[in-house]
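Listed here are the chains, written in short residue letters.
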Amino acid sequence: MSADALTTTAVLAGRGLRLSRRNLDAVITSLMLPVLLMLVFVYFFGGAIDTGDTRYVTYVVPGVLVLCAGFGAAGTAVSVSDDMRRGTVDRFRTLDIGGVPILAGHVAATVVRNALATALVLGVAFLIGFRPAATPGGWLAAIGLLLVYITTVSWLSAAAGLLARTPEAAGAVTFFMMFLPYPSSAFVPIDTMPDWLHGFAEHQPVTPLIESMRGLLLDRPVGDAPWIALAWCAALLAVAVAASGALFRFRTK
Amino acid sequence: MPPAIETTGLSKSYGTVRVLDALDLRVETGTVFALLGPNGAGKTTTVRILATLTAPDGGHARVAGHDVVTERRAVRRAISLTGQYAAVDETLTGAENLRTTARLSGLSRTAAARRTDELLDRFRLTDARDRQVKTYSGGMRRRLDLAAGLVRDPGTTRVVFLDEPTTGLDPRSRQELWDAVRELSAHGTTVFLTTQYLEEADRLAHRIAVLGDGRTLAEGTPAELKDRYAGHRLDLTARDPEAYLRLTARAGDGTGAPGTPDPGTLTLGVPTDGTAAHVRALLDALDPHRADIERFALHTATLDDVFLSLTHRESPAKEPARVR
């Protein structure tokens, strides 16, 4: 990206953040929902879930953070779709702004929003007994992986926003991103799931991500899980960027 | 001076629907040009092609001296577009909208702030600068949208496109927008607007083109169009349906002006200059045996009649192309 495109993306990200600040309902939902879900998991279900010698709250926090990324990304689809439906994208195009900075602006805004939600979830988690044993390097790596994942799902969500003709439909398309953490090791150990689900649960992108974040936060060996998670994200991001580029050209023909 | 806009043989189809069919237009620099036509006539497609948002299938178009396909960048630098759908963010304030757009057009932070103040002042929005756009009236919103299109140095924006700028506005807001357009034109900017309202074209435009089925049906100054197509209209009521058919057939090949048929009331309207000699001649030509016409009435035609006769020749009764 050229310097111009970077400035443009930054300005558009600023616009996205300002727009979400004015939409308080959405902000509260996207901040409160992950926290509430964490409380539900820890206090309602946690007692019944055996996670060995790790406290359930400590076990579940990475899963809640990933879930939170899914919620945040869904907002990207809605705002992209909204821009397409109104005259905004036409105006941007007459200002000679291409599809990539427009989408990158929305994705960047989502990443910033999500960083806030992540901080809030971590804060509440500490209050209710989350005690990670991570080294500073482990923290950095875990947060870095999470940011890569957020960027990936946001960009997929941006593509969904281009695909859907209305913001409502865009919200529906992103449902699968919010669902993906459930059939993974995010909330319960995979070996407690039925056999037929193991294959999917063990080989879907969220599981290596969760396993690496959990390992890094508890300072346990993570093996090649972070690399598998990164490979998944790189592949999905490549698909998302290519698909959204093609969809943008198609929608603005 | 070269024309601000020039198109030759411009065509565009969506699937099997031919939206523009060899459209030729020429807009002189510094003038206000109105493209008039009913829904689906191809007005928006024309604007989108001229504003480089859509590529034509055939023909050529130059805007501000640059080809809209091969010199897209240069065209974009010289134009501003305010489309049918608002391009401003409802939950941001007027000033925030302008500042963001100014930054996106490449201005520095300080230059963007300065331009924002200038534009707010020029479009009389300074009092509302820090209010969210959702609290604006329809006219204020359109003015803000128009201002946002001009964030680049207004001096370098040479052609402004307005796609149905007053559709859905109340009369007062419409008046305010008209003033804004006149002011743009007074600054030497070429304005290309589309509208469904003849009155709007009549009030604002130096020249009008009436668009129908992707082609120019008529083109000229408002006065020329009135002279050429309006004047008076002779409404002839036939004695019975057979007589009505004979009348419309003779009108079709005889008078050179096929008129406005209305089978429901067996009435055919034909243009005339309103003189006794011409009315007599028309009656003789259309009803040589003096058996088919029961009554006639002479009307002073309005521009509505021009519009109706040009664009709704097939079914004038189906949709009242009302001009507010």
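What this report covers is the structure whose coordinates are included nearby. (Residues numbered from 1 in each chain as written. Chains lettered and ligands numbered in written order. Predicted model: local features only at pLDDT ≥ 70, side-chain atom pairs only at ≥ 80, totals over all residues. Heavy atoms only, no water.)

**Quick word on the overall build of chain A**
- Looking only at helices and strands, chain A features 11 helices and 0 strands.
- Sequence-ordered secondary structure for chain A, helices as α and strands as β, is α-α-α-α-α-α-α-α-α-α-α.
- Taken over the C-alpha trace, chain A has a radius of gyration of 19 Å; the compact-globule value for 253 residues is 18 Å, and the two agree within 12%.
- With the C-alpha coordinates aligned to their principal axes, the bounding extent of chain A is approximately 60 × 35 × 35 Å.
- Summing over all exposed atoms, chain A offers an accessible surface of approximately 11000 Å²; the carbon and sulfur share of this is 70%.
- Of note, chain A has its 17 positive side-chain charges centred 14 Å away from the centre of its 15 negative side-chain charges. (Helix = DSSP H or I, 4+ residues; strand = E, 2+ residues; numbered from the N terminus. Rg over C-alpha atoms; globule rule 2.2 N^0.38 Å. Areas by Shrake-Rupley, 256 points an atom, 1.4 Å probe, with all protein chains shown as cover. Lys, Arg positive; Asp, Glu negative; His and termini not counted. Charge placed at Lys NZ, Arg CZ, Asp CG, Glu CD.)

**Side note on the environment of Leu120(A)**
All names here are of chain A.
- With respect to the secondary-structure elements, Leu-120 resides in helix H5 (residues 99-127).
- Residue Leu-120 is classed as partly exposed on the basis of its relative accessible area of 34%.
- Here the alpha-carbon distance between Leu-120 and Leu-31, two residues 89 residues apart in the chain, equals 7.4 Å.
- For Leu-120, the residues in contact, after removing those within four places along its chain, are Leu-31 and Val-35. (Buried < 20%, exposed > 50% of the residue type's maximum accessible area, 1.4 Å probe, protein only. Contact = heavy atoms within 4.5 Å.)

**Things to note about the interface of chain A and chain B**
- Across the boundary between the two partners, chain A contributes 21 residues, which contact 29 residues of chain B.
- For the chain A and chain B pair, buried surface summed over both sides reaches about 2300 Å², with 50% attributable to carbon and sulfur atoms.
- Looking only at chain A, the three residues that lose the most surface to chain B are Arg22(A), Arg91(A) and Thr94(A), adding up to 30% of its buried area.
- The tally of links between chain A and chain B comes to 8 salt bridges.
- Salt-bridge contacts for Arg91(A) lead to Asp145(B); the nearest nitrogen and oxygen are separated by 3.1 Å.
- Elements with a contribution of two residues or more to the side of chain A that touches chain B: helix H1 (3-22) and helix H4 (88-94) of chain A.
- Ranked by residues supplied to the side of chain A that touches chain B, first place goes to H1(A) with 8 residues. (Buried area = accessible area lost by both parts, 1.4 Å probe. Salt bridge = Lys/Arg side-chain N within 4 Å of Asp/Glu carboxyl O.)

**Focus: helix H9 (residues 195-202) of chain A**
Residue and element names in this part refer to chain A.
- The complete set of buried residues in H9 reads Leu-197, His-198 and Ala-201. Projection of H9 onto a plane perpendicular to its axis shows the buried side chains occupying an angular sector of 120 degrees, all on one side.
- Those residues of H9 that are buried are in contact with helix H10 (206-217). (Arc of directions from axis to C-beta.)

**Looking at the sheet that holds strand E5 (residues 66-67) of chain B**
All names here are of chain B.
- Ordered in space as E2-E1-E4-E5, the 4 strands form an open sheet in which the pairing is antiparallel. Of all strands in the sheet, those with a lone pairing partner are strand E2 (17-27) and E5, marking the two edges.
- In terms of strand pairing, strand E1 (residues 5-14) meets strand E4 (residues 58-63) through 5 bridges, oriented antiparallel. Paired with Ile-5 across the bridge in E4 is Val-63. (Pairing = 2+ DSSP bridges.)

All quantities given are derived from atomic positions and should not be read as evidence of function.
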